[in-house]
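Below, each chain spelled out in residue letters.
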Amino acid sequence: MPSQPVLSTKTTAIQEMENAHTSGVYTKRPLAIVRGEGAHLWDADGREYIDCVGGQGAANLGHANPAVAEAIAAQARTLISCPEMFYNDRRAEVEQKLCQISGLERVFLCNSGAEANEGAIKFARLFTGRKEFVATMRGFHGRTMGALSATWEKKYREPFEPLVPGFKHVPYNDLEALDAAVTDQTAGVILEVVQGEGGVRPGSAAYLEGAQAICRKRGALLIIDEVQTGFGRTGRMFAHQRYNLQPDILCVAKSIAGGLPMGAVLYSSRLGELPPQVHGTTFGGNPLAAAASLAAIQYLEDHHLPERAETLGTRFMEQLQEINSPLIREVRGLGLMVGIELKQKATPYLMALMAQHAILALPAGLTVMRFLPPLVIASQDLDQVVLAVRDVLTHPIAERE
Ligand code: PLP
């Protein structure tokens, strides 16, 4: 068996090189991923995995999506960077497309989810002349200082205080608490349609639509953060489109450009005009990301991936709900954004899925197993995931060791 030691040396060498220089802020798994295709990933030792991490939401289109890869390659040969002091053909097209699919009229292009939320916070202050924000408990909006101020989790916030003043956090799905918190000083209410990092917790229609009514009544802007739920993940192009919601500001990123870094703040023209020079970023609206995004959105539409997420996600969730395990507290989600809340910590079970079944999934908080497979995943792969989850959750970890 000469191949085994040689192969594991590859992983070890990559791990050692990264460990020598990486910042250390990420908890890493002992796995070096070197290749992907659709919903499958391969490690440096040639082992194949079914991917339900989905680039933490950036891989809705599947890994190495051929349409996105082709668009990136063609644009890379044409023009990669072009600051917004000039007009650009690809940027013009992607701005038009993003506005068309969101129903909003204006867009600021940036490079990540946190940056989109930073923009939203600044724009909301400018548009309303107010300083305060209401966000939610278990909400996650990113790690930069403004986005972090909207994020709830203490362990992300506390080491970096003081954060931006003026943020209140209220329980999610609690309309009374929101009603009490929003005042005539509130610039914006920032909400996820499904709380992702906070444990895959869908907002109810009554809550989300009620939140919009409260915002309208008090003159606060409704800021919907669809960084994780956008681009087909929950069964619609955007999750808020399932409800009677017209956000004032919509923040998107992750799968917007088929896996390339990009974000966007979309907003309604009824908010008014932003004065020149109040915001900006060097890489925002670069032609490479714009071309990738155009190809990604086209692919989502042509291959009906939102509908696919709805069908596959409904079936996946039903199958998971049938698993009879005393470890499961609840199975919940929307489309192909699915969580299994356990009565114990999720990590040992995620590790067992990886080691024993070659299936990659991620946690959401301490006790939730989260599944964000690429929307191109085959239904047979999802069936395999169900069998594997059933196996690990019907053999409590303590019994295995
Ligand atoms: N908003 C939501 C809802 C997210 O899920 C995330 C990332 O997980 C972010 C914002 C931050 O995005 P990024 O990591 O691209 O900064």
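Here the structure is shown first, and the text comes after it.
How each quantity is defined
- As a convention, each chain's residues are numbered from 1 in the sequence order in which they are written.
- Selection of residues for local features in this predicted model requires a pLDDT of at least 70, selection of side-chain atom pairs for listing and counting requires 80 or more, and totals for whole chains, interfaces and linings are taken over all residues.
- Computation of side-chain values: all heavy atoms of the structure, hydrogens and water removed.
- Here a strand is any run of E in DSSP of at least two residues, a helix any run of H or I of at least four, and the numbering for each starts at the N terminus.
- Exposed residues in this analysis have more than 50% of their type's maximum accessible area, buried residues have under 20%, and partly exposed residues fall in between, with area computed by a 1.4 Å probe over protein chains only.
- Paired strands, as defined in this entry, are two strands with at least two bridges between them according to DSSP.
- The criterion is simple. A nonpolar core is a set of buried Ala, Val, Leu, Ile, Met, Phe, Trp, Tyr and Cys residues joined through side-chain atoms within 4.5 Å.
- A contact between two residues is defined here by any heavy atoms of the two lying within 4.5 Å.
- Each axis is a line fitted through C-alpha atoms, taken for helices only over the stretch in contact, and angles between the N-to-C directions span 0 to 180 degrees.
- Counted charges follow a simple rule, with Lys and Arg positive, Asp and Glu negative, and His plus the chain ends left uncounted.
- A pair is scored as a salt bridge if a Lys or Arg side-chain nitrogen falls within 4 Å of a carboxyl oxygen belonging to Asp or Glu.
- Any pair of nitrogen or oxygen atoms within 3.5 Å is treated as a polar contact; in protein, a donor-acceptor pairing is required on top of that, and neighbouring residues in sequence qualify only through side-chain atoms on both sides.
- Only heavy atoms are used to decide nearness, and a residue is near a molecule or strand if one of them lies within 4 Å of it.
- Only the protein chains shown count as covering a residue, and every accessible area follows the Shrake-Rupley method with a 1.4 Å probe.

Student: I would appreciate a short explanation of the environment of Ala-135 in the present structure.
Tutor: Inspection of the secondary structure puts Ala-135 in strand 5 (residues 132-136). Sequence separation of Ala-135 and Pro-171 is 36 residues, and the distance between their C-alpha atoms is 8.8 Å.

Student: Sorry, what's going on with the pairing of strand 4 (residues 106-110) here?
Tutor: For a regular strand, side-chain orientation follows a simple rule: the groups alternate between the two sheet faces. When you tally the buried positions in strand 4, you get four out of five residues, the bulk of the element. Judged from the five bridges that link them, strand 4 and strand 12 (residues 263-267) form a sheet pairing that is antiparallel. Opposite Arg-106, over in strand 12, you have Tyr-267 as the bridge partner.

Student: Before we go on, may I ask you to explain the environment of Val-386 in this structure?
Tutor: Turning to its location among the elements, Val-386 is positioned in helix 13 (residues 379-393). In this structure, the C-alpha to C-alpha distance between Val-386 and Thr-311, residues 75 residues apart in sequence, is 16 Å.

Student: Explain the nonpolar core here, please?
Tutor: Nonpolar side chains in soluble globular proteins tend to be buried together. Within the largest apolar cluster, 98 residues are counted, with the highest numbers of intra-cluster contacts made by Leu-98, Phe-231, Ile-340, Met-369, Phe-371 and Leu-393. If one sorts the elements of this core by residue count, helix 10 (residues 287-302) sits on top with eight residues. For Phe-231, the residues in contact, after removing those within four places along its chain, are Asn-60, Leu-98, Ile-101, Met-237, Phe-238, Val-252, Ala-253, Ser-255, Ile-256, Ile-297, Leu-300 and Leu-375. By size, the runner-up hydrophobic cluster in this structure holds 21 residues, among which are Ala-120, Ala-135, Ala-150 and Ala-187.

Student: Sorry if this is basic, but what is going on with the sheet that holds strand 10 (residues 221-225) here?
Tutor: Paired through their backbone hydrogen bonds, the strands of a sheet run either parallel or antiparallel. Ordered by their spatial adjacency, seven strands build an open sheet running 4-12-11-10-7-5-6, and the pairing between neighbours is mixed. In the strand order of this sheet, the two ends are held by strand 4 and strand 6 (167-170), each with one partner. Strand-to-strand, the axes of this sheet are offset by a mean angle of 20°, without reference to chain direction. Across the sheet, helix 9 (residues 205-218) is in contact with strand 5, strand 7 (186-192) and strand 10; its angle to strand 7 comes to roughly 170°.

Student: Mind showing me how you'd approach the side chain of Glu-192 here?
Tutor: By the secondary structure assignment, Glu-192 is in strand 7. Buried and unpaired, Glu-192 has Arg-370 as its nearest opposite-charge partner, separated by 7.7 Å. A distance of 3.0 Å separates a polar atom in the side chain of Glu-192 from the backbone nitrogen of Phe-140. Side-chain polar atoms of Glu-192 contact the backbone nitrogen of Gly-196, separated by 3.1 Å. In contact with Glu-192, not counting residues within four places along its chain, are Arg-138, Gly-139, Phe-140, His-141, Tyr-172, Leu-208 and Asp-225.

Student: Just to check I follow, could you spell out the site of the ligand for this structure?
Tutor: If you check the shell around the ligand, you find 13 residues, and the closest are Gly-113, Ala-114, Asp-225, Gln-228 and Lys-254. Separating an oxygen atom of the ligand from a backbone N or O atom of Gly-113 is a distance of 2.8 Å. Residue Ala-114 places a main-chain N or O atom 2.8 Å away from an oxygen atom belonging to the ligand. Protein coverage of the free-state accessible area of the ligand, which is 390 Å², stands at 81%. Among the elements that make up the shell around the ligand, the one with the highest residue count is helix 5 (residues 113-128) (three residues).

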